[in-house]
Amino acid sequence: MLGAGEVLESFRRTGALLEGHFVLTSGLHSTVYLQCALVLQHPPEAERFGRAIAEHFRVERVETVAAPAIGGIVIGWEVARALGVRSLWTERVEGRMTLRRGFQVRAGESVLVVEDVVTTGGSTRETVDALREAGARVVGAASIIDRSGGRADVGVPRVALATLEVPAVAPAVCTQCAQGVPAVKPGSRKTVSSQQ
Ligand SMILES: [Zn+2]
């Protein structure tokens, strides 16, 4: 089995897990920033995570893996490959998670939903809903990382290869802002004033 420590080590090694003082897309501040694309750009890492997730669902007779685009596509594919089943994805159309591109599921088909990171569980839950509406039976959900501290409820049994307890907080109550540590917006090289 692939341990949580090894998973996080591989994120750190590839620059996919940064520790510091960050402004997240939501505007909240955190001491940890994850950019899964940086670890998943390496096929051996993606394959290793895919196999590890697949191990949790060997007995579920999964017929199809479904992932919310874009973040879930690569890891969903690797899980599907490890299970020997097909891989499809859902995407938002006018805000609503939808099966497009001619992807179809049979009534009662056993589907596993896979995402890269679960933060609130929102996109996994929306994908579960979209598949149920299409008639599928969703047998579980999985992600490489759970950054909800195990709290995200997606309405089906859920596993993660590593769970992080990293609160994202409003700038007004951010300890590092209070200490005057400049916050970084990942993706740009600029630091952001804590006053903004
Ligand atoms: Zn801050």
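Structure first, text after, so check above.
Residues numbered from 1 in each chain as written. Predicted model: local features only at pLDDT ≥ 70, side-chain atom pairs only at ≥ 80, totals over all residues. Heavy atoms only, no water.

## Considerations on the overall build of the protein
To keep it simple, the criterion reads: Helix and strand definitions follow DSSP, with helices as H or I runs of at least four residues and strands as E runs of at least two, each counted in order from the N terminus. Using C-alpha atoms as the atom set, the radius of gyration is obtained and then compared with a globule rule of 2.2 Å times the number of residues to the power 0.38. Burial classification: accessible surface area is computed with a 1.4 Å probe over protein chains only, and a residue below 20% of its type maximum counts as buried, one above 50% as exposed, and the rest as partly exposed. Computed by Shrake-Rupley with a 1.4 Å probe, the accessible areas treat only the displayed protein chains as cover when residues are assessed. Residues counted as positive are Lys and Arg, residues counted as negative are Asp and Glu, and His and the chain ends are not counted. Charge coordinates come from a single atom per side chain, which is NZ of Lys, CZ of Arg, CG of Asp or CD of Glu.
When you go through the protein residue by residue, the secondary structure sums to 6 helices and 10 strands. Relative to a compact globule of 196 residues, whose C-alpha radius of gyration would be 16 Å, the protein shows 17 Å and is just as compact. Taking the principal axes of the C-alpha coordinates as reference, the protein spans close to 55 × 35 × 25 Å. Here the protein holds 196 residues, and the buried ones make up 46% of them. Only carbon and sulfur atoms are counted for the fraction: they give 51% of the accessible area of the protein, which is about 10,100 Å². Treating the 22 positive side-chain charges of the protein as one cloud and the 20 negative ones as another, the clouds have centres 3 Å apart.

## Observations regarding the packing of helix 3 (residues 43–55) against helix 4 (residues 73–83)
Helices that pack against each other are described as a pair by the angle of their axes relative to one another and the distance between those axes. Spelled out, the test is: Axis definition: a line fit to C-alpha positions, over the contact stretch in the case of helices; interaxial angles, taken between N-to-C directions, run 0 to 180 degrees. Reported orientations rely on four angle classes, namely roughly parallel under 35 degrees, roughly antiparallel over 145, roughly perpendicular from 65 to 115, and oblique for the rest. Crossing chirality is assigned from the near helix's rotation relative to the far helix, an anticlockwise turn below a right angle marking it left-handed and a clockwise turn marking it right-handed. Contacts are assigned to residue pairs that have any heavy atoms within 4.5 Å of one another. Each residue gets one label: Ala, Val, Leu, Ile, Met, Phe, Trp, Tyr, Cys and Pro are nonpolar, Asp, Glu, Lys and Arg are charged, and the others, such as Gly, are polar.
One way to put it is that helix 3 packs onto helix 4 with a least axis distance of 8 Å and a crossing angle of 60°. By the angle between their axes, helix 3 is oblique relative to helix 4. Of the two possible hands of crossing, helix 3 and helix 4 adopt the one that is right-handed. Of the residues in helix 4, those touching helix 3 at Ala46, Glu47, Phe49, Gly50, Arg51, Ile53 and Ala54 are Val74, Ile75, Glu78, Val79, Arg81, Ala82 and Leu83. Its residues assigned to classes, the contact of helix 3 with helix 4 shows 9 nonpolar, 1 polar and 4 charged.

## Observations regarding the coordination of the zinc ion
For clarity, the threshold we go by: Each metal site is built from N, O and S donor atoms within 2.8 Å (3.2 Å for Na, K and Ca), and since water is not included, such sites may look incomplete. Under this scheme a four-donor centre is tetrahedral when all angles range from 85 to 135 degrees, a four-donor centre is square planar and a six-donor centre octahedral when opposite donors are above 155 degrees with the rest from 65 to 115, and any other centre is irregular.
Looking at the zinc ion, one finds its protein donor set to be His21 (NE2), His29 (ND1), Cys174 (SG) and Cys177 (SG), positioned 2.0 to 2.4 Å from the metal centre. Coordination at the zinc ion is tetrahedral, judged from the 4 donor atoms that bind it and the angles of 93 to 126° they form at the metal. Donor residues for the zinc ion, ordered by position in the chain, follow H-x7-H-x144-C-x2-C. Of this pair, His29 sits in strand 2 (residues 29–34) while Cys174 sits in the loop between strand 8 (158–163) and helix 6 (175–178), placing them 145 residues apart in sequence. Exposure class is identical for His29 and Cys174. Each is buried.

## Some remarks on the pattern of salt bridges
As a working rule, side chains carrying opposite charge can pair if their charged atoms are close by. Test applied: Think of a salt bridge as a Lys or Arg side-chain nitrogen and an Asp or Glu carboxyl oxygen that are within 4 Å of each other.
Tallying each qualifying case throughout the model produces 17 salt bridges. With a closest N to O distance of 2.9 Å, Arg86 and Glu109 form a salt bridge. Of this pair, Arg86 sits in strand 4 (residues 86–93) while Glu109 sits in the loop between strand 5 (96–99) and strand 6 (110–118), placing them 23 residues apart in sequence. Judged by its relative accessible area of 36%, Arg86 falls in the partly exposed class. For the salt bridge of Arg100 with Glu91, the shortest nitrogen-to-oxygen distance reads 4.0 Å. A single salt-bridge network, built from bridges that share partners, covers Glu6, Glu9, Arg13, Glu45 and Arg48.

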